[in-house]
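Given next are the chains, with one letter for each unit.
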Amino acid sequence: MANPVTGAPEVFATEAAQTLVENGNGGAPVHVEPELWGLAPFQIVSISMLVLLLFAFFGAKVHKKLAGGIDGKIAAIKEQLEEAKQLRAEAETLREEYARKIAGAEKDAEAMLANARHEADAILEKAEADSKDMVERRKRMAEDKIAAAEREAVVDVRNRAVSVATAASRALISDKHDAEADRLMADKVIAGI
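Residues numbered from 1 in each chain as written. Predicted model: local features only at pLDDT ≥ 70, side-chain atom pairs only at ≥ 80, totals over all residues. Heavy atoms only, no water.

### Re the overall build of the chain
Item 1. Scanning the chain from terminus to terminus reveals three helices and zero strands.
Item 2. Listing the helices and strands of the chain from first to last along the sequence gives α-α-α.
Item 3. Within the structure as shown, the chain displays about 18000 Å² of accessible surface, and the carbon and sulfur contribution to it stands at 63%. (Helix = DSSP H or I, 4+ residues; strand = E, 2+ residues; numbered from the N terminus. Areas by Shrake-Rupley, 256 points an atom, 1.4 Å probe, with all protein chains shown as cover.)

### What about helix α3 (residues 179–192)?
Item 1. Here α3 is 14 residues long and its end C-alpha atoms lie 20 Å apart, about the 20 Å a rise of 1.5 Å per residue gives.
Item 2. Burial of α3 is sparse: only zero of the 14 residues sit out of reach of the surface. (Expected span 1.5 Å × (residues − 1). Buried < 20%, exposed > 50% of the residue type's maximum accessible area, 1.4 Å probe, protein only.)

### Description of a negative patch on the surface
Item 1. Together, D133, E136, E143 and D144 give the surface a local cluster of negative charge.
Item 2. With respect to the secondary-structure elements, E143 resides in helix α2 (residues 60–176). (Patch = residues over 30% accessible without salt bridge, like charges linked within 9 Å, V, L, I, M, F, W, Y side chains within 5 Å. Salt bridge = Lys/Arg side-chain N within 4 Å of Asp/Glu carboxyl O. Lys, Arg positive; Asp, Glu negative; His and termini not counted. Charge placed at Lys NZ, Arg CZ, Asp CG, Glu CD.)

### With respect to the UniProt feature "transmembrane region" (unreviewed entry) in the chain
Item 1. If you check UniProt for "transmembrane region" (unreviewed entry), the listed places come out as residues 36–58 in our numbering.
Item 2. Each end of residues 36–58 is marked by a C-alpha atom, and these two atoms are 27 Å apart; helix forms 78% of the span and strand 0%. (UniProt positions renumbered as here; feature names shortened; annotations may be inferred.)

### A look at the pattern of salt bridges
For side chains of opposite charge, pairing can occur when their charged atoms come near one another.
Item 1. Counting across every chain of the model gives five salt bridges.
Item 2. K85 serves as the salt-bridge partner of E82, at 3.9 Å between the closest nitrogen and oxygen. Taken together, the residues span about one helical turn, with E82 and K85 both in helix α2 at a distance of three residues.
Item 3. The exposure class of E82 is partly exposed, given its relative accessible area of 43%.
Item 4. The salt bridge involving E97 is made with K101; its shortest N-O contact spans 3.3 Å. Here the residue E97 and the residue K101 both occupy positions in helix α2, the gap between them amounting to four residues, near one helical turn.
Item 5. Residue class for K101 comes out partly exposed when judged on its relative accessible area of 47%.

### Regarding the confidence of the model for the chain
Item 1. Summing up the model confidence of the chain, the mean pLDDT is 80 and the portion of residues at 70 or higher is 80%.
Item 2. Mean pLDDT across the secondary structure elements of the chain bottoms out at α3, with 78, and peaks at α2, with 87. (pLDDT = per-residue confidence, 0-100.)

Spelled out as structure tokens, the structure:
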């Protein structure tokens, strides 16, 4: 399309238009810097540094407070480190003590086990000896009972033999002796006394 006023063709721009400021030196573009209260950026930085240095040197109270705070933190950290060292030493001591106790407990357990085995062996030996003694006692008791029964049997047999012999003698004497023979024998015995 053509421009109706000039008749020249219309141009479409794809970029923003640039503005150039001419300052009388032949139309060369001039760079414009930002300003704050009429000061250039390097001047603002210089003033800020000056204020900071003045604050650092002449603001001794702040400097001392900062140093004191840092020193206090350093002292607190040192104290915590010392406490940590002490706790570590105590922990190592406790660990060594418990290691000794564990070793001692293991030795005690081994000693207890050996003692228990020894006692069990002794109890077993004693039980075997006691059982042998008991068997011997029972055997002797049985032999004594058998001997007593034999003696009783012998006595009983003798008593029966005596009774039978007495009864047989009576029967024989009564058959072979009469009252007259008894009287003669009694007289003979009386005369011998």
